[in-house]
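Each chain, written out:
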Amino acid sequence: MGLDFNLKPSQDEETEYKTVDLDPEMTYDVLIIGGGPAGLTAAVYCMRKGVSTALITDEIGGQVTSTTEIENYMGYMYVEGEELVDKFEDQVKQFEIAYQEGKRVKSITDDQINQVTLEDGTTYQAKSIIVAAGKSSRKINCPGEERLTGKGVAYCAICDAPLYADKEVVIVGGGNSAIEAAIDLAKIAKEVTIVQLLDHLTADEILIERLEEYDNVNILYESEVAEIEGENKVENIVVQDTQQNNKQDIAADGIFIEIGWIPNTSFVEGVLQLNDYNEIMVDCKCRTNKEGIFAAGDITNVPFKQIIIASGEGAKAALSACDYVLKS
Ligand SMILES: Cc1cc2nc3c(=O)[nH]c(=O)nc-3n(C[C@H](O)[C@H](O)[C@H](O)COP(=O)(O)OP(=O)(O)OC[C@H]3O[C@@H](n4cnc5c(N)ncnc54)[C@H](O)[C@@H]3O)c2cc1C
């Protein structure tokens, strides 16, 4: 029988997952926190370098799972977020990586052997850590917001706008994301109300002009959402005028909160150096201020939050962490 030089798996072949559970008794060479593009890419690079690697993530895919259309990730003219995440997952899980999904990291310590503690109290050890926990949408923190999330409270118009055809919706915010969301919704919804804290919109002029083309959009300036009401789904939004303190009810089927993003850095506060935006400060090798701790992707001060950039930074953080482990 001749040698088979075709080592590439066929595209249609199902990838056999080889992941294993994390072992609290083991000290991993690299422990990665976060399973978005940065963390997953870092995992592939670490496994290919042959270092013992663990990955802990709340959810796999990160923000990419809430992205419908991606047209700027090289190799794909067009790919849906979920499909790209499936590909990333297959690529990671072909390795015998220690993998834990559905758990959140609560804190890390920066001793010679770093310790990672989960919210459930379990601890794991590693010689080096890559923090790739990305960012999350900013909340308004009003009564009803958490309880009705997914039941009319939404943070991603790109994902959820189609659910609101012929419905009444409120959008919170006045920047580019909020106005883009308002335009998308104005095309299909019955009525769109924008609630903006300032006395003007801060979105780009071109977007504001585009918004003005729709006559089903109403803007409430110097206002904020005081409460989101509804038994099992959003039914009413209580909006407060910040100047007069008057409250008014707006009947709505949904509310889109589009007021920006915050880096998921709460578990590294006091350990790693953050900038004014609460992003982890890294140098060009993804090194943080603490030896042996690296960071990558949207959680860092690296500008331009994009999949290809997060992936590239994940690769860089992995190579730096491997270098650190192999030399220490
Ligand atoms: C609606 C939308 C559309 C977008 N469209 C595009 C696009 O078309 N093209 C493009 O290039 N980019 C796009 N982006 C941006 C892109 O998705 C991000 O730049 C990229 O996902 C960042 O990757 P990341 O790995 O750094 O972080 P994230 O994707 O945020 O992943 C972070 C991961 O860490 C996990 N995590 C967080 N906290 C913890 C914790 N305490 N413990 C354990 N795990 C934790 C999360 O569950 C998540 O899996 C879009 C983003 C959004 C929201």
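Going by the annotation in an unreviewed UniProt entry, the name recorded for the protein is Alkyl hydroperoxide reductase subunit F, with Halanaerobacter jeridensis given as the source organism.

Asks: Quick question: what am I supposed to make of the overall build of the protein here?
Replies: Secondary structure assignment for the protein yields six helices and 19 strands. Across the protein, contacts joining residues at least 24 apart in sequence account for 60% of those joining residues at least 6 apart. When the accessible surface of the protein is totalled, it reaches about 17600 Å², and 45% of it is carbon and sulfur. Averaging the coordinates of the 27 positive side-chain charges in the protein and doing the same for the 58 negative ones gives two points 6 Å apart.

Asks: Help me understand a negative patch on the surface in this model?
Replies: Taken together, the side chains of E69, E71, E80, E82, E83 and D86 present a region of like negative charge at the surface. Among the elements that take part in the negative patch, helix α2 (residues 81–93) stands out by supplying three residues, more than any other. Among the secondary structure elements, E83 is positioned in helix α2. Looking at E83, the relative accessible area reads 39%, which means it is partly exposed.

Asks: How should I be thinking about the site of the ligand in this particular structure?
Replies: Residues in close proximity to the ligand total 34 residues, the closest being E59, Q63, V105, D298 and I307. Here K305 contributes a backbone N or O atom positioned 3.5 Å from an oxygen atom of the ligand. Those elements that provide at least two residues to the shell around the ligand are β1 (27–35), α1 (37–49), β2 (53–60) and α6 (307–327).

Asks: Which parts of the structure should I look at to understand the environment of E16?
Replies: For E16, the position within the fold is in the segment before β1. A relative accessible area of 61% places E16 in the exposed class. Here the alpha-carbon distance between E16 and N289, two residues 273 residues apart in the chain, equals 38 Å. E16 has contacts with K93 and Q94, leaving out every residue within four places of it along the chain.

Asks: Would you take a moment to explain the side chain of T300 for this structure?
Replies: Among the structural elements, T300 can be located in the loop between β19 (293–295) and α6. Separated by 2.8 Å, the side chain of T300 and the backbone oxygen of G297 make a polar contact. Excluding residues within four positions of it along the chain, T300 makes contact with E279, I280, V282, A295 and K305.

Asks: How should the nonpolar core be read in this particular structure?
Replies: Grouped burial of nonpolar side chains is what soluble globular proteins tend to show. If you look at the biggest cluster of nonpolar residues, it comprises 35 residues, and the most contacted ones within it are V30, I32, C46, L84 and I130. Once you skip the residues sitting within four places of it in the chain, L84 turns out to touch V64, I70, Y73, Y76, V79 and I307. Grouped together as the second largest cluster of nonpolar side chains are 25 residues, L22, I56, I129 and L272 included.

Asks: Quick question: what am I supposed to make of the pairing of strand β14 (residues 223–229) here?
Replies: Both faces of the sheet carry side chains from a regular strand, because those side chains alternate between them. Note that β14 and strand β15 (residues 236–241) share six bridges and pair antiparallel. Across the sheet, residue V225 finds its bridge partner in β15, namely V239. Here β14 hands over to β15 after six residues, with G230 in that stretch at a positive phi of 150 degrees.

Asks: What is the right way to look at the pairing of strand β6 (residues 105–109) in this model?
Replies: Sheet analysis places β6 next to strand β7 (residues 114–118), joined by four bridges and oriented antiparallel. Note that in β7 the partner of T109 across the bridge is Q115. The antiparallel hairpin formed by β6 and β7 contains four residues in its connecting segment.

Asks: Help me understand the state of the cysteines, please; the structure alone is not making it clear to me.
Replies: By definition, a disulfide links the sulfur atoms of two cysteine residues through a covalent bond. Using the criterion set out here, one finds zero disulfides in the structure. With no disulfide of its own, C142 has C156 as its nearest cysteine by sulfur position, at a separation of 19 Å. The class of C142 is buried, set by a relative accessible area of 11%. The thiol of C322 is unpaired, and the distance to the nearest cysteine sulfur, on C46, comes to 4.1 Å.

Asks: So what exactly am I meant to see when it comes to the environment of E279 here?
Replies: The residue E279 is located in the loop between β18 (261–263) and β19 in this model. Spatially, the C-alpha atoms of E279 and I194 are 29 Å apart, while their sequence positions differ by 85 residues. Residues within four places of E279 in sequence aside, it is in contact with P263, Q273, L274, I299, T300, N301 and K305.

Asks: Would you mind showing me how to read the pattern of salt bridges here?
Replies: Where charged atoms of side chains with opposite charge meet at close range, the side chains can pair. Under the defined criterion, the tally for this structure stands at 13 salt bridges. Of the charged contacts in the structure, one is a salt bridge between K135 and D298, with a shortest N-O distance of 3.4 Å. Note that K135 is positioned in strand β9 (residues 135–137) and D298 in the loop between β19 and α6, a separation of 163 residues in sequence. Assigned by exposure class, K135 and D298 land together as buried. In this structure, D184 engages K187 in a salt bridge whose closest nitrogen and oxygen atoms are separated by 3.8 Å. Of this pair, D184 and K187 both sit in helix α4 (residues 176–188), three residues apart, roughly one helical turn. The class for D184 is partly exposed, based on a relative accessible area of 34%. Taking relative accessible area as the criterion, K187 reaches 51% and is therefore assigned exposed. Linked through salt bridges whose partners overlap, the residues forming this network are D58, R104 and E119.

Criteria and thresholds
Residues numbered from 1 in each chain as written. Predicted model: local features only at pLDDT ≥ 70, side-chain atom pairs only at ≥ 80, totals over all residues. Heavy atoms only, no water. Helix = DSSP H or I, 4+ residues; strand = E, 2+ residues; numbered from the N terminus. Contact = heavy atoms within 4.5 Å. Areas by Shrake-Rupley, 256 points an atom, 1.4 Å probe, with all protein chains shown as cover. Lys, Arg positive; Asp, Glu negative; His and termini not counted. Charge placed at Lys NZ, Arg CZ, Asp CG, Glu CD. Patch = residues over 30% accessible without salt bridge, like charges linked within 9 Å, V, L, I, M, F, W, Y side chains within 5 Å. Salt bridge = Lys/Arg side-chain N within 4 Å of Asp/Glu carboxyl O. Buried < 20%, exposed > 50% of the residue type's maximum accessible area, 1.4 Å probe, protein only. Near = heavy atom within 4 Å. Polar contact = N/O pair within 3.5 Å; in protein donor to acceptor, adjacent residues only side chain to side chain. Core = buried A, V, L, I, M, F, W, Y, C linked by side-chain atoms within 4.5 Å. Pairing = 2+ DSSP bridges. Disulfide = S-S within 2.5 Å.

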